[in-house]
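A look at the structure
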Amino acid sequence: MSVLVDADTRVVVQGITGHQGTAHTVQMKAFGTQVVAGVTPGKGGSVVEGVPVFDSVAEAVEKTGANVSVIFVPAPFAKDAFIEAADAGLPLVVIVTEHIPFHDMLTMYHYGRLRGVRIIGPNCPGIGAPGKAKVGIIPNVVFRPGRVGVISRSGTLTYEIVNGIKEIGLGQSTCIGLGGDPVVGTSFVDALPFFEQDPDTDLLVLVGEIGGTAEEEAAEYLRHHFTKPVVAYIAGRSAPPGKRMGHAGAIIARGRGTAQSKLAALQTAGATVAEFPYDVPSLVVQGLREAGRR
Amino acid sequence: MSVLVDADTRVVVQGITGHQGTAHTVQMKAFGTQVVAGVTPGKGGSVVEGVPVFDSVAEAVEKTGANVSVIFVPAPFAKDAFIEAADAGLPLVVIVTEHIPFHDMLTMYHYGRLRGVRIIGPNCPGIGAPGKAKVGIIPNVVFRPGRVGVISRSGTLTYEIVNGIKEIGLGQSTCIGLGGDPVVGTSFVDALPFFEQDPDTDLLVLVGEIGGTAEEEAAEYLRHHFTKPVVAYIAGRSAPPGKRMGHAGAIIARGRGTAQSKLAALQTAGATVAEFPYDVPSLVVQGLREAGRR
Amino acid sequence: MVKLAEWRGKEIFRRCGIPVPTGVVVRSVEEADGAVRSAAVALPVVVKAQVLAGGRGKGGAVRFAASSEELRSVVVGMLGMEFKGETVKELLLEPKVVVGRELYLSIALDRTARLPVLLASGQGGVEIESMADDQLVHLPIHPFVGLTAYEKRRVGGAFALSTPASTELGRLLDAVWKAFQAEDAELVEINPLAVVDGHLVALDAKVIIEDDAGFRHPEYADLRDDRTPLEEIAREKGIAFVQLDGDIGVIANGAGLTMATLDVLGQFGGRPGVFLDLGGTDDPAKVTEAALLMAKAHPSVVFLNIFGGVTRCDTVARGLVAAMTLVPESDRFPLIARIRGNNEEEGRAILHSAGITALSDLKASAQAVVAAEASRPSARSAT
Amino acid sequence: MVKLAEWRGKEIFRRCGIPVPTGVVVRSVEEADGAVRSAAVALPVVVKAQVLAGGRGKGGAVRFAASSEELRSVVVGMLGMEFKGETVKELLLEPKVVVGRELYLSIALDRTARLPVLLASGQGGVEIESMADDQLVHLPIHPFVGLTAYEKRRVGGAFALSTPASTELGRLLDAVWKAFQAEDAELVEINPLAVVDGHLVALDAKVIIEDDAGFRHPEYADLRDDRTPLEEIAREKGIAFVQLDGDIGVIANGAGLTMATLDVLGQFGGRPGVFLDLGGTDDPAKVTEAALLMAKAHPSVVFLNIFGGVTRCDTVARGLVAAMTLVPESDRFPLIARIRGNNEEEGRAILHSAGITALSDLKASAQAVVAAEASRPSARSAT
């Protein structure tokens with residue numbers, strides 16, 4: 001088992017003919033993912049990297065049985081692309097696109113709820129379950145099948161940490177990058193139950209960053225509903241207030257969203273907190289050992 | 001057991017200080033319903049027929065534990081009243097108000113879905129479960145506890161038929177009047193599963209009328225998913241096309257929505273069809289006998 | 001429901017940004033002459049009778065005029081003509097155009113989905129009933145998100161337009177959706193949506209406004225053109241009143257019960273002439289209103305079928321007896337009443353004492369009504 | 001994020017139907033004189049420095065003038081003054097009013113609820129941070145239904161207004177919600193919303209526009225006033241560039257990794273001066289852009305930390321070596337690189353050959369960077 005994706009995942013790539021769409025189609029296929037369709041309006045009938053391209057998501061779903069979409073279309077068109085995917089009945093949509101206005105994202109999020117569509121992202125690296133499927137852009141090289149779950153608000157920092165887990169000789173069950181925007185389809189709190197229920201996850205690594213209160217809410221959830229060991233790292237301890245640190249969501253506003261507040265909450269909830277990103281792998285090993293899992 | 005309401009039902013009446021609101025509060029209380037609160041903005045603090053009045057639904061819920069709302073407010077204000085009820089977390093809202101624009105009702109319906117609120121109505125008589133609770137305006141005199149479920153798009157015609165069931169010596173489990181508008185919160189298809197699952201319902205009486213395709217869809221459901229006997233009556237066999245027959249939804253448009261089409265569909269689905277409303281009670285007796293329930 | 005005349009629909013279209021021809025409404029030959037003289041509309045013109053029924057083209061309600069003389073004779077011929085029961089009082093004059101293609105576009109309500117639905121066809125100009133399903137694009141529109149780009153592409157695919165029409169389509173679709181929402185419409189239909197000189201133009205406009213949204217649209221209060229005068233009076237009193245072809249007046253409370261009463265009469269050979277639904281109430285005051293209204297329709301016999309729920313039947317009976325005394329002598333009608341519910345025996349006794357036949361059984365009542373009608377000559381006038 | 005000056009916010013308010021005082025923006029004493037002479041604004045006036053920082057009242061950035069002479073001296077005193085790091089270039093002149101009450105109203109985003117949230121308080125005029133929670137009404141607004149009547153009543157309850165202000169409130173709230181949506185705002189704040197002569201007036205306006213919605217708002221393209229010139233150039237190239245207080249330049253790919261890199265440096269006593277996030281890519285062309293941009297900030301030493309995911313590390317290394325040759329002699333900076341990922345050994349070998357320190361361990365790299373900084377005098381100029 002894994003979280004959200006598995007060997008039956010059949011991916012449609014919205015925006016497959018764009019630079020990113022094409023490049024990551026190659027990477028997802030190399031990972032072993034069933035990329036069954038692409039969608040670019042007006043380019044239906046063509047083939048990109050062996051994947052048939054359709055004019056609409058509905059057609060792609062009908063012809064190929066796609067059950068997950070990954071969206072690479074530019075921000076101004078992302079809302080429409082998502083609604084098209086939702087209307088086509090897809091239950092899971094990973095939105096890689098960054099710089100989507102949060103007003104659009106509010107519509108997308110609530111429309112998704114109405115339609116029963118789970119959104120991962122936007123501005124996210126997506127989901128990877130080694131040996132099963134990858135939907136998104138996490139580099140293939142960092143993965144190795146195993147029993148550590150990873151959930152994160154950042155991209156490359158996650159790749160580093162996931163890679164570190166691999167290098168120490170362990171592997172991952174599922175890694176999810178939730179995205180660094182102020183409004184995300186799936187937050188820590190939304191995703192934690194999946195890992196709690198996943199029999200293939202023994203320990204969870206949670207990678208947070210400054211801004212908002214997602215980590216504090218995660219800590220509340222961990223405290224009351226999560227039984228597996230957790231290793232947490234929070235980026236941005238040294239970030240000054242009032243500045244957007246790369247991610248639209250990474251800003252300390254009015255004294256809220258500091259790394260200190262998040263670290264304290266996670267520690268109180270029983271998570272092991274890593275001071276440096278390079279400390280995560282050894283803390284994972286230690287956590288598994290203490291839990292009798294290694 | 002009963003459907004949607006039971007002895008734990010605690011009703012808040014929105015628009016309790018209006019003529020209809022007050023009159024039916026008296027009737028609901030006489031039925032034995034726990035009417036715990038009323039809401040009329042600006043009249044908070046007063047008492048109507050022994051029921052405390054609040055300025056907002058949220059306050060009424062907080063102070064009284066109300067878990068169902070019934071809306072009597074005039075049509076121009078009904079949408080806001082419903083959204084207030086939904087935002088206050090009520091899972092069930094019965095809308096008696098008639099003449100709500102369907103554009104408003106579209107918003108209400110989909111917002112209700114988003115919030116997990118079931119709507120009965122609008123323009124409906126509501127729900128009655130003899131011996132438990134009544135939320136709406138079905139006359140108390142027609143009820144008697146029993147094992148016949150009734151589901152209907154009309155008002156007084158239903159009272160007649162429910163009364164007939166009483167007069168023949170039987171009683172009802174739950175009666176639901178869904179309302180005669182083109183857009184209703186709960187259609188036959190939505191409500192049928194409740195009666196299928198209700199252990200206290202042995203047989204269902206379905207009262208339909210011309211217009212739309214709700215009865216045809218109900219027939220499809222009955223055919224595949226309903227195991228209890230059904231007696232159906234459809235009003236409007238003699239209605240001319242293109243005329244609205246009292247209910248906004250009762251119109252034969254472009255040859256669709258005729259009584260003939262509905263009767264045929266229900267018969268094919270195995271329902272016993274009553275030619276006259278006064279035939280329903282005896283067909284109910286016969287249906288129960290054949291099902292070994294009497 | 002308020003069906004708007006074509007020219008009113010086109011006014012809405014213009015306001016919402018849907019391109020329409022520049023036209024003039026005229027109500028006399030003089031006005032038609034003046035419109036051409038003042039260059040408000042240029043010859044040759046198309047003259048369109050502003051009636052609500054469909055099929056105007058085949059029925060002679062749309063004609064052409066190339067000269068002022070021809071226009072005068074066409075206008076004289078059309079004003080005052082009867083078209084499917086309507087008298088032509090207004091004509092819309094528009095410049096005659098060369099139509100490249102005819103498309104179909106509408107938005108209406110899908111009750112089952114509880115969503116507005118857009119219908120589009122590349123083959124317009126014929127009635128939608130005659131279109132094959134596979135010629136129609138059928139797109140639900142969610143009110144929370146409106147028309148989306150992918151849906152517009154679907155319509156674009158069905159229309160297969162060239163530029164500039166193809167580039168105009170997106171804005172036109174937004175405008176049609178805006179018209180549907182802003183006007184609280186039940187139906188917005190453009191048939192045909194034409195391509196003229198490469199551009200999209202709405203050559204016809206069918207807009208139906210929902211009655212219940214009247215509180216948001218006082219501007220339509222005077223436009224309920226498809227009701228008879230009695231239906232209009234009833235509407236103001238909150239009574240549903242529908243005039244039918246027969247002679248029996250039916251008063252009942254509740255739409256379903258009223259329909260069922262009609263059905264039962266029909267089964268016994270009765271021909272209902274008035275459907276009067278008190279609207280689910282047994283309020284004696286409303287019963288009085290109904291009796292007075294019914295009298296004006298001059299039915300041969302009236303069947304009153306009330307299920308007394310909230311009010312007691314004796315109260316309803318007393319209200320009815322009082323009402324009958326208020327009906328003018330000339331408008332009196334034989335009445336057979338059936339009252340059920342609370343205190344029904346007492347109610348029937350009161351009616352009997354007042355000389356009104358009062359029964360309890362629906363079947364027997366209906367048979368009595370039909371027998372009473374058969375024994376009388378029709379007294380119903382065409383009101 | 002684009003913070004709008006007060007007068008721009010008030011222009012939006014006016015367009016959306018939020019009442020604001022009639023004011024004039026002036027940029028010189030002559031313009032201020034002219035405004036009074038032409039009666040565009042009547043004395044006595046309030047003169048408000050158009051800076052983005054808060055606390056203007058206490059900080060002398062809001063003054064009054066009763067005569068033309070006084071206005072001239074106030075304007076001379078305020079134009080060009082420094083206020084919390086901003087130079088005052090524009091002044092807003094408005095008629096001085098007698099304020100009855102001061103209220104607070106804003107709409108912002110609640111990330112957790114994923115809903116806009118309206119905050120209202122009957123005690124305005126002070127900063128929201130200083131308000132007690134029980135003084136604030138907190139109302140989520142669902143974008144699918146907008147502000148509802150019951151929410152307006154809640155605000156009305158908090159404000160406890162008399163007429164006519166109480167009757168104006170509903171429309172004002174709709175207008176604020178409209179402004180929030182139509183302008184793609186992150187924040188619309190009216191503090192104070194004042195009662196003047198019994199009417200509601202927005203005496204201040206704070207509007208922050210979301211950057212990402214820029215494609216819908218070309219009108220704000222030139223208004224990113226709170227960025228340094230280098231930050232502005234970076235934004236155009238899609239690079240997140242934040243100037244901080246220290247001397248070490250940090251280039252990394254991905255916001256989280258860049259922040260983590262800063263954190264590690266900080267732990268070893270390093271003081272980062274530039275946060276440069278390539279945005280999750282390891283594209284060699286972008287690395288080149290970043291190196292050239294970084295050079296302009298004149299850091300004392302640069303730490304490049306790249307996790308090579310998609311591209312191979314040797315490709316990234318070659319791009320970096322090429323980039324360093326493009327940096328002008330005067331802007332050269334010492335560089336310590338850490339590259340991980342695909343083909344990392346080869347990548348490091350390429351960097352070594354070009355004389356660039358290349359390590360693999362983050363901790364060791366950070367220590368080396370801090371040591372390098374300590375051994376150099378600061379070369380960073382205030383760009």
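Since we're looking at a predicted model, the values are computed, not measured.

Cut-off values and rules
- Residues numbered from 1 in each chain as written.
- Chains lettered and ligands numbered in written order.
- Predicted model: local features only at pLDDT ≥ 70, side-chain atom pairs only at ≥ 80, totals over all residues.
- Heavy atoms only, no water.
- Helix = DSSP H or I, 4+ residues; strand = E, 2+ residues; numbered from the N terminus.
- Rg over C-alpha atoms; globule rule 2.2 N^0.38 Å.
- Buried < 20%, exposed > 50% of the residue type's maximum accessible area, 1.4 Å probe, protein only.
- Contact = heavy atoms within 4.5 Å.
- Areas by Shrake-Rupley, 256 points an atom, 1.4 Å probe, with all protein chains shown as cover.
- Core = buried A, V, L, I, M, F, W, Y, C linked by side-chain atoms within 4.5 Å.
- Buried area = accessible area lost by both parts, 1.4 Å probe.
- Salt bridge = Lys/Arg side-chain N within 4 Å of Asp/Glu carboxyl O.
- Polar contact = N/O pair within 3.5 Å; in protein donor to acceptor, adjacent residues only side chain to side chain.
- Nonpolar A, V, L, I, M, F, W, Y, C, P; charged D, E, K, R; others polar.
- Pairing = 2+ DSSP bridges.
- pLDDT = per-residue confidence, 0-100.
- Axes fitted to C-alpha atoms, helices over the stretch in contact; angles between N-to-C directions.

Quick look at the overall build of chain A
Each helix and strand in chain A was counted, giving nine helices and 14 strands. Taken over C-alpha atoms, the radius of gyration comes to 18 Å for chain A, in line with the 19 Å a tight globule of 294 residues would show. Dimensions along the principal axes, computed over C-alpha positions, put chain A at roughly 55 × 45 × 30 Å. Looking at chain A as a whole, 64% of its 294 residues qualify as buried. Sequence-distant contacts in chain A: of pairs separated by 6 or more residues, those separated by 24 or more amount to 74%. Carbon and sulfur atoms provide 50% of the accessible area of chain A, an area that totals close to 9,500 Å².

Comments concerning the nonpolar core
In this structure, Phe-82 of chain A, Phe-82 of chain B, Leu-105 and Leu-118 of chain C together with Leu-105 and Leu-118 of chain D are the most contacted members of the largest nonpolar core, which totals 152 residues. Discounting chain neighbours no more than four positions away, the residues touching Leu-105 of chain D are Leu-118, Leu-119, Ala-120, Phe-159, Leu-172, Leu-173, Val-176, Val-188, Glu-189, Ile-190 and Leu-193 of chain D.

Concerning the interface of chain B and chain C
Contacts between the two partners involve 59 residues from chain B and, on the opposite side, 54 residues from chain C. Overall, the association of chain B and chain C removes approximately 4,500 Å² of surface from exposure, summing both partners, and the carbon and sulfur fraction of that is 61%. At the junction of chain B and chain C, the tally comes to five salt bridges. Where chain B touches chain C, the interface holds 20 residue pairs in polar contact (both at pLDDT 80 or more). Elements with a contribution of two residues or more to the side of chain B that touches chain C: α4 (102-115), α5 (156-167) and β13 (230-235) of chain B. Sorting elements by how many residues they give to the side of chain B that touches chain C places α4 of chain B first, with eight residues. Among the residues forming the side of chain B that touches chain C, the class breakdown is 27 nonpolar, 20 polar and 12 charged.

Side note on the pairing of strand β9 (residues 115-121) of chain D
Looking along a regular strand, one sees the side chains alternate between the two faces of the sheet. Residue and element names in this part refer to chain D. The element β9 is largely enclosed, with a buried count of seven among its seven residues. Where strand β8 (residues 99-110) and β9 come together, seven bridges link them in antiparallel fashion. Residue pairing in the sheet places Leu-105 in a bridge with Ala-120 of β9. Pairing of β9 with strand β10 (residues 137-140), which is carried by four bridges, proceeds in the antiparallel orientation. In the strand pairing of β10, Leu-118 is matched with Leu-139.

Details of the confidence of the model for chain C
For chain C, per-residue confidence averages 90 on the pLDDT scale, and residues scoring 70 or more make up 97% of the total. When the criterion is pLDDT under 50, residues 379-383 of chain C qualifies, and its contacts beyond four places in sequence or with other chains add up to 17 contacts.

Remarks on the side chain of Asn-140 of chain B
Note on placement: Asn-140 of chain B falls in the loop between β9 (133-136) and β10 (145-152). The contacts of Asn-140 of chain B, once residues within four sequence positions are left out, are Gln-27, Ala-30, Phe-31 and Lys-134 of chain B.

Re the sheet that holds strand β4 (residues 62-65) of chain D
Residues and elements named next belong to chain D. Across the sheet, which stays open at both edges, the four strands sit in the order β2-β7-β3-β4 with antiparallel pairing between neighbours. On the outer flanks of this sheet lie β2 (24-26) and β4, each paired with one strand and no other. Neighbour-to-neighbour, the strand axes of this sheet turn through a mean angle of 30°, independent of strand direction. Sheet topology note: the strand β3 (residues 45-49)/strand β7 (residues 91-95) ladder contains five bridges and is antiparallel. Directly across from Val-46, in β7, lies its bridge partner Glu-94. Along the sheet, helix α1 (residues 6-16) contacts β2, β3 and β7; its crossing angle with β7, the most-contacted strand, is approximately 55°. In this fold helix α3 (residues 68-78) packs onto β3, β4 and β7, with an angle of close to 160° to the strand it touches most, β4.

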